[in-house]
Amino acid sequence: MRNFFYLEGAYLILAGIILLVTVFVTTRPFMSKGALKKGLISVSLVLGIMIGAHFMITINRMAEVKAAFEKDMPILCESRMLRKVAQTVTIQKSKNWRLEGDNFVSPHYSRPFFTARCIVAD
């Protein structure tokens, strides 16, 4: 559950803002009487499906990346340290990388790389 709030926290905040906008719009005098209930139900359903789908896709990709790492396959991770030159870092178990929880760690890099921001290089 910790991963859910860590991965989807920003989307949950945006969903809350969208729901507040829905409440504001559906309570205006020009809207029909049942608009608030219909609006909140439909918008909540759509947001819930979208956030849930994004979470499942991300968790599946993280599992795929971890499995590929154990097989010593190359993995590409987003580098936020060097935005101008190298935007990705290639990670492999045989190149002195290790997996600590959900992070890739190397003695050559000061920051860890989160598996959710990585993909398996084909």
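Described below are features of the structure shown in this document.

Definitions and limits used
Residues numbered from 1 in each chain as written. Predicted model: local features only at pLDDT ≥ 70, side-chain atom pairs only at ≥ 80, totals over all residues. Heavy atoms only, no water. Pairing = 2+ DSSP bridges. Helix = DSSP H or I, 4+ residues; strand = E, 2+ residues; numbered from the N terminus. Contact = heavy atoms within 4.5 Å. Axes fitted to C-alpha atoms, helices over the stretch in contact; angles between N-to-C directions. Salt bridge = Lys/Arg side-chain N within 4 Å of Asp/Glu carboxyl O. Buried < 20%, exposed > 50% of the residue type's maximum accessible area, 1.4 Å probe, protein only.

Here we come to the sheet that holds strand β4 (residues 103–105). Strand order in the open sheet made by the 3 strands is β3-β4-β5, with antiparallel pairing throughout. The sheet terminates laterally at β3 (98–100) and β5 (113–114), the two strands that pair on one side only. Looking at chain direction, β3 and β4 are connected through 3 bridges and run antiparallel. Residue pairing in the sheet places L99 in a bridge with F104 of β4. Packing against the sheet, helix α2 (residues 35–70) makes contact with β3, β4 and β5, and its axis sits at approximately 140 degrees to β3.

We now examine the pattern of salt bridges. Here the structure, examined in full by the defined rule, presents 3 salt bridges. A salt bridge links K66 to D102, with the shortest nitrogen-to-oxygen separation between them at 2.4 Å. Separated by 36 residues along the polypeptide, K66 in helix α2 and D102 in the loop between β3 and β4 bring together distant segments of the chain. Relative accessible area serves as the criterion here: at 25%, K66 is assigned to the partly exposed category. Given the relative accessible area of 12%, D102 is considered buried. The partner of R98 in a salt bridge is E100, with the nearest N and O atoms 2.8 Å apart. Here R98 falls in the partly exposed class, since its relative accessible area comes to 41%.

Now for unusual backbone geometry. In this structure, D72 is a non-glycine residue whose phi angle is positive, near 60 degrees. Here D72 lies in the loop between α2 and β1 (75–78). The phi dihedral of N96 is positive, around 70 degrees, even though this residue is not glycine. Tracing the chain through its elements places N96 in the loop between β2 (88–91) and β3.

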